[in-house]
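Understanding the architecture of this molecule
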Amino acid sequence: MATVTSPPTTAPPETLREGVTFPQWDKIKARIGDYLLMLHGLLMYGFLYLPIVILVVFSFNKSKFLSEFTGFSISWYGELLRDQQTIIAVWNSLFVALVSTIISTVIGTLAAIAMERYTFRGKLAMDALLYLPVIIPDIAMAIMLLVFFNLSGIGFTPWELRIAGLRLAVPYSVIIAHVSFNISFVAIIVRARLAGMDRTLEEAAQDLYANPWRTFYRVTLPMMMPGIIAGAFLAFTLSLDDFVITFFTSGAGFNTLTVRVFGLVKKGVTPKINAISTIMLFATLGLVALSRLFQKGGDRSPVELEI
Amino acid sequence: MITALRKRPELQGWLFAFPAAAFLLVFFLVPFFIVVGYSFAERGTYGGVVWSFNPGNYARVFDPLYFNTFLRSVYIAGATTVICFLLGYPLAYFIAMRSPERRNTLLLALMIPFWTNFLIRTYAWLTLLRTNTGLINVTLLNLGLISEPLPLFGNDFAIILGLVYGWLPDMVLPCFAAITRLDRSLLEAASDLYARGSQVFTRVVWPLTLPGVVAGSILVFIPSLGAFITPALLGGGRSLMIGNVINNQFLAAHDWPFGAALSTGMISIMLVITLIYFRTVREEAS
């Protein structure tokens, strides 16, 4: 018998067969790539969530150090409730956010209508003016306003209002600052909503002899509502979240929550700050959930709203 | 009067735009020009401001002491942008390749940390990274894995980490948008034409998603360059970035004109970047 090692008879290479184009190796590589991508995704979500989870966990730490978990305790939350300055700071934050949201939502919505529905001279400049506050970093905007309030003599000391025996500090400088960065965000969101709106309904209303005001009030405004609500929620969140601009535009002794937290962090790190952070975290989550709920509720056609 | 208004849509447009225009004129544009004006003024003896035309503040920006901080800020912001891209693009790709329902869940999960207050997110890293009392170093020391604390805090590493953590979603979202907009049939066409997986990526996917990468890079670079909280908390008390130097000029050194010059420089860089971006986008669109 001849011992010639003949090459094993091979089937014709896969690539030669019609329709089959991928050699096995490419499939394996693609599979490995998929797994790596998934592993990377997993690691990234871990990276995003781990610090926050640890932050929340240590707000329940018994000891005042944040390097070792020594036991479960809610004493830091109790301490928070007794911290008068932090509680005042919370009210200040909410007050500033509420007032600046109302003002910037009205002004921003009007600007969005102007930009989306009208052509006028100076529109391009207006467009630039609306985008600038979004682009400019907050530290630059903060010192711009600091210098302005200082030079114009407007100042920073909150007005003291007395309503029914209650003393209310109105930090107009902080409110003005928040309105000036929030107008743009509201305008951009409402404008996007307006741009995506079906105009045939408005035309139909006009065909049915509704005057422009009635058309606006009964058709355009309800259809804009989800955009306006989303803009208002964003403004409220941005106002609550802001630290840098508030820090530079608030008068001495006036703290919002973020300014207070920054002050506490500078003094020393304790689980009390973790407790504040945890509450803020869940408050933000609540706001986001509420905003989604509202938008779903508002995202109906005006016909349904009539019923 | 109302009928006159009704006949002139331009007047209506102005009327709607007026409140925003007036507000931003007074409380944004005027302050901006005051800062530009201040940047040419001189510092008074008691920390006040004396109006003059003094380009010396800008000369001081190039003083190595401050210019190095400028360069370092650009380096930190650049490194942050590159790392955000390296981490964010594959993540965006991963999310984009899931089913639509999965995608929404993953995007929401991406946004939740992003909605958390920036100061708090930075504080979270502060408690992890601190040299002697940070959780990471203490845990590693307790486990006996290291004998000396690692230099995780008060340096560029800590700042870049904090910024990457803060702005990663700003990179992922535009990349994700670009990848989902990809026409799947183009990918199939490429593989039908015997392109290897890597070729499909470099020749089809990458060029088509580049606009998303550029948009994401700008969204990360600009706030990183102007960072204030991150270097203030994770930089270990030293002025490592322009944001802190500006802060010091206004709140500690009381040299407002110089702080104004630094701010004007920073704003100019950002405006230039944004202008170039919008120009290129418009050119490509037309």
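1. With respect to the overall build of chain A
Within chain A one finds 12 helices and two strands. Listed N to C, the secondary structure of chain A is α-α-α-α-α-β-β-α-α-α-α-α-α-α in terms of helices and strands. The 307 residues of chain A split such that 38% are buried.

2. A word on the overall build of chain B
Tallying secondary structure elements over chain B gives 13 helices and two strands in all. A globule of 286 residues ought to have a C-alpha radius of gyration of about 19 Å, yet chain B, at 24 Å, is considerably larger. With the C-alpha coordinates of chain B rotated into their principal frame, the extents come out at 80 × 75 × 35 Å. Evaluated residue by residue, chain B yields a buried proportion of 41% over its 286 residues. Excluding contacts between residues fewer than 6 apart, the proportion of contacts in chain B whose partners are at least 24 apart in sequence is 66%.

3. Some thoughts on the pairing of strand 2 (residues 166–170) of chain A
Residue and element names in this part refer to chain A. Of all five residues making up strand 2, only zero are buried, and the element is barely covered by its neighbours. Sheet topology places strand 1 (residues 159–163) next to strand 2; five bridges connect them, and they run antiparallel. Residue pairing for strand 2: Ile163 is matched across the bridge by Leu166. Where strand 1 hands over to strand 2, the hairpin turn is made up of two residues, of which Ala164 adopts a positive phi near 50 degrees.

4. So, the domain arrangement of chain A
Buried accessible area, meaning the area lost when the parts come together, often serves as the stated size of an interface. Residue and element names in this part refer to chain A. Looking at chain A, the domain boundaries give domain 1 (26–58) and domain 2 (76–160 + 168–306). Distance from the C-alpha centre of domain 1 to the C-alpha centre of domain 2: 34 Å. Of the residues that constitute the side of domain 1 that touches domain 2, the class distribution is four nonpolar, no polar and no charged.

5. Description of the interface of chain B and chain A
Across the boundary between the two partners, chain B contributes 65 residues, which contact 67 residues of chain A. In terms of residue count, the dominant contributor to the side of chain B that touches chain A is helix 2 (residues 9–38) of chain B (21 residues). When its residues are assigned to classes, the side of chain B that touches chain A shows 49 nonpolar, 14 polar and two charged.

6. Regarding the domain arrangement of chain B
Examined at the domain level, chain B breaks down into domain 1 (1–30) and domain 2 (39–285). Using C-alpha coordinates to define each centre, domain 1 of chain B is positioned 37 Å away from domain 2 of chain B.

7. A few points about unusual backbone geometry
Outside of glycine, negative phi angles account for most residues, and trans bonds account for most peptide bonds. All names here are of chain A. For Tyr209, which is not a glycine, the phi torsion comes out positive at approximately 65 degrees. Structurally, the position occupied by Tyr209 is in the loop between helix 7 (200–207) and helix 8 (212–241). Taking the number of C-beta atoms within 10 Å as the measure of exposure, Tyr209 has 8 and is therefore exposed.

8. Let's talk about the nonpolar core
Counting 145 residues, the largest nonpolar core has Ala111(A), Ala142(A), Ile143(A), Leu145(A) and Ala20(B) as the members making the most contacts within it. Among the elements that line this core, the one with the most residues is helix 8 (residues 156–181) of chain B, at 15 residues. In this structure Leu145(A) touches Ala177(A), Ile245(A), Phe248(A), Thr249(A) and Pro31(B), once residues within four positions along its chain are discounted.

9. Considerations on the packing of helix 10 (residues 197–225) of chain B against helix 13 (residues 256–285) of chain B
Residues and elements named next belong to chain B. Following both chains from N to C, one finds helix 10 and helix 13 inclined at 175 degrees, their axes separated by 11 Å at the closest point. Between helix 10 and helix 13, the angle falls in the class roughly antiparallel. Contact residues: helix 10 offers Val214, Ile218, Ile222 and Leu225, while helix 13 offers Met266, Ile269, Met270, Ile273 and Tyr277. Here the contact of helix 10 with helix 13 is composed, by residue class, of nine nonpolar, no polar and no charged.

10. Thoughts on the packing of helix 4 (residues 123–135) of chain A against helix 2 of chain B
Running from N to C, helix 4 of chain A and helix 2 of chain B point in directions that differ by 55 degrees, and their axes come no closer than 10 Å. The angle between helix 4 of chain A and helix 2 of chain B falls in the class oblique. Seen from above, helix 4 of chain A lies across helix 2 of chain B with left-handed handedness. Between helix 4 of chain A and helix 2 of chain B, the contacting residues are Met126(A), Leu129(A), Leu130(A), Leu132(A) and Pro133(A) on the first element and Ala17(B), Ala20(B), Ala21(B), Leu24(B), Phe28(B) and Leu29(B) on the second. Broken down by class, the residue content of the contact of helix 4 of chain A with helix 2 of chain B amounts to 11 nonpolar, no polar and no charged.

11. Here's the deal with helix 6 (residues 172–195) of chain A
Over its 24 residues, helix 6 of chain A extends 34 Å from the first C-alpha to the last, a length consistent with the 34 Å expected when each residue adds 1.5 Å. Counting buried positions along helix 6 of chain A gives 17 out of 24 residues, so the element sits mostly inside the fold.

12. Points about the confidence of the model for chain A
For chain A, the mean per-residue pLDDT works out to 86, and 88% of the residues sit at or above 70. Ignoring residues within four places in sequence, the model shows residues 298–307 of chain A, a span with pLDDT below 50, making 11 contacts including any to other chains.

Each value, and the rule that gives it
- Residues numbered from 1 in each chain as written.
- Chains lettered and ligands numbered in written order.
- Predicted model: local features only at pLDDT ≥ 70, side-chain atom pairs only at ≥ 80, totals over all residues.
- Helix = DSSP H or I, 4+ residues; strand = E, 2+ residues; numbered from the N terminus.
- Buried ≥ 20, exposed ≤ 12 C-beta atoms within 10 Å, placed from the backbone.
- Rg over C-alpha atoms; globule rule 2.2 N^0.38 Å.
- Contact = placed C-beta atoms within 7 Å.
- Pairing = 2+ DSSP bridges.
- Domains from an automatic or database assignment.
- Nonpolar A, V, L, I, M, F, W, Y, C, P; charged D, E, K, R; others polar.
- Core = buried A, V, L, I, M, F, W, Y, C linked by C-beta atoms within 7 Å.
- Axes fitted to C-alpha atoms, helices over the stretch in contact; angles between N-to-C directions.
- Parallel < 35°, antiparallel > 145°, perpendicular 65-115°, else oblique.
- Left-handed = near helix turned anticlockwise from the far one by under 90°.
- Expected span 1.5 Å × (residues − 1).
- pLDDT = per-residue confidence, 0-100.

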